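Descriptive analysis of the structure
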Amino acid sequence: MVIGRLRGTLAEKQPPHLLLDVNGVGYELEVPMTTLYRLPAVGEPVTLHAHLVVREDAHLLYGFFEKRERELFRELIRLNGVGPKLALALMSGLEVDELVRCVQAQDTAALVKVPGVGKKTAERLLVELKDRFKAWESIPSIAPLVVEPQLAQAVSSAENDAVSALISLGYKPQEASRAVAAVKEDGMSSEDLIRRALRGMV
């Protein structure tokens, strides 16, 4: 069974996890933060491009707002030593075009700030991705970020969701808490907090 695309209603949003209701069937997906920023409010319809990872102990479904994001995810997990978790962390810290630029410039500075990526790993990833990304230079950029209006939610809940999302990406709890505390403002959604915190870290 290969699931390439899902269209349904966004039933739950607990960054980085989603529950998508497709004709009464709930699909659990994990998404990069770049996809999370583009999602509509809970209860709204959405279409996601999907990638299924089959392991001995689980079937894991990953969702992406743009097909190009899914293609990048697939390129990353083909690399030696890069699993889905690290791929999502890389994609959450950097937009597709930013990551492509890092590869073209062989710039390790941004990559080493992603949890799980040291200097040697960053250098190896950049070398391995350079040839793969040559074909990407002619592909149109993904659409600019459009943040949909979010439903009002308690600040504490938004902060907790943001901290949990950063921890799930591999950041230490103290790092995640500090990063969110440094950027929080009244009325911010969890998505806004995550985006600002990641920008401050990467």
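Each chain has its residues counted from 1, running along the sequence as written. Under the rules for a predicted model, residues below a pLDDT of 70 receive no local features and side-chain atom pairs below 80 are neither given nor counted, while totals for whole chains, interfaces and linings still include all residues. With hydrogens and water set aside, each side-chain value is computed from the structure's full complement of heavy atoms.

In the annotation of an unreviewed UniProt entry, the chain is listed under the name Holliday junction branch migration complex subunit RuvA and assigned to Ectopseudomonas chengduensis. The heading Sequence similarities (unreviewed entry) in the UniProt record of the chain holds the text "Belongs to the RuvA family." In its Subcellular location (unreviewed entry) section, the UniProt entry covering the chain states "Cytoplasm". UniProt positions are given in the numbering used here, feature names are shortened, and annotations may be inferred rather than shown by experiment.

Some details on unusual backbone geometry
Residues Pro15 and Pro16 are joined by a peptide bond in cis, for which omega reads 0°. Helix and strand assignments come from DSSP, with helices taken as H or I runs of at least 4 residues and strands as E runs of at least 2, each series counted from the N terminus. For Pro16, the position within the fold is in the loop between strand 1 (5-14) and strand 2 (17-22). The phi angle at Asn23 is positive, at roughly 55°, despite the residue not being glycine. Summarising the element assignment, Asn23 is placed in the loop between strand 2 and strand 3 (25-30). The backbone of Gln106 shows a phi angle near 55°, a positive value even though the residue is not glycine. Summarising the element assignment, Gln106 is placed in the loop between helix 4 (96-105) and helix 5 (119-132).

Description of the environment of Met188
If you trace the backbone, Met188 turns up in the loop between helix 7 (173-183) and helix 8 (190-201). We classify Met188 as buried; its relative accessible area is 10%. Considered as a pair, Met188 and Glu159 are 29 residues apart in the sequence and their alpha carbons are 8.8 Å apart. Here, two residues are considered to be in contact whenever any of their heavy atoms come within 4.5 Å of each other. Apart from residues lying up to four places away in sequence, Met188 is in contact with Ala158, Val183, Leu193 and Arg196. Relative accessibility thresholds used throughout: buried, under 20% of the residue-type maximum; exposed, over 50%; partly exposed, between the two (1.4 Å probe, protein chains only).

What to know about the packing of helix 4 against helix 5
The angle between the axes and the distance between the axes are what describe a pair of packed helices. Whenever a helix is involved, its axis is fitted only over the stretch in contact; in every case the axis is a line through C-alpha atoms, and angles between N-to-C directions fall within 0 to 180 degrees. In the contact formed by helix 4 and helix 5, the axes pass within 8 Å of each other and the chain directions differ by 100°. Taken together, the axis directions place helix 4 and helix 5 in an arrangement best described as roughly perpendicular. Of the residues in helix 5, those in contact with Cys102, Val103 and Gln104 of helix 4 are Leu126, Leu129 and Lys130. Gly counts as polar in this scheme, as do all residues outside two lists: the nonpolar Ala, Val, Leu, Ile, Met, Phe, Trp, Tyr, Cys and Pro, and the charged Asp, Glu, Lys and Arg. For the contact of helix 4 with helix 5, a count of residues per class yields four nonpolar, one polar and one charged. Any angle that is under 35 degrees is reported as roughly parallel, and any over 145 degrees as roughly antiparallel; angles of 65 to 115 degrees are reported as roughly perpendicular and all others as oblique.

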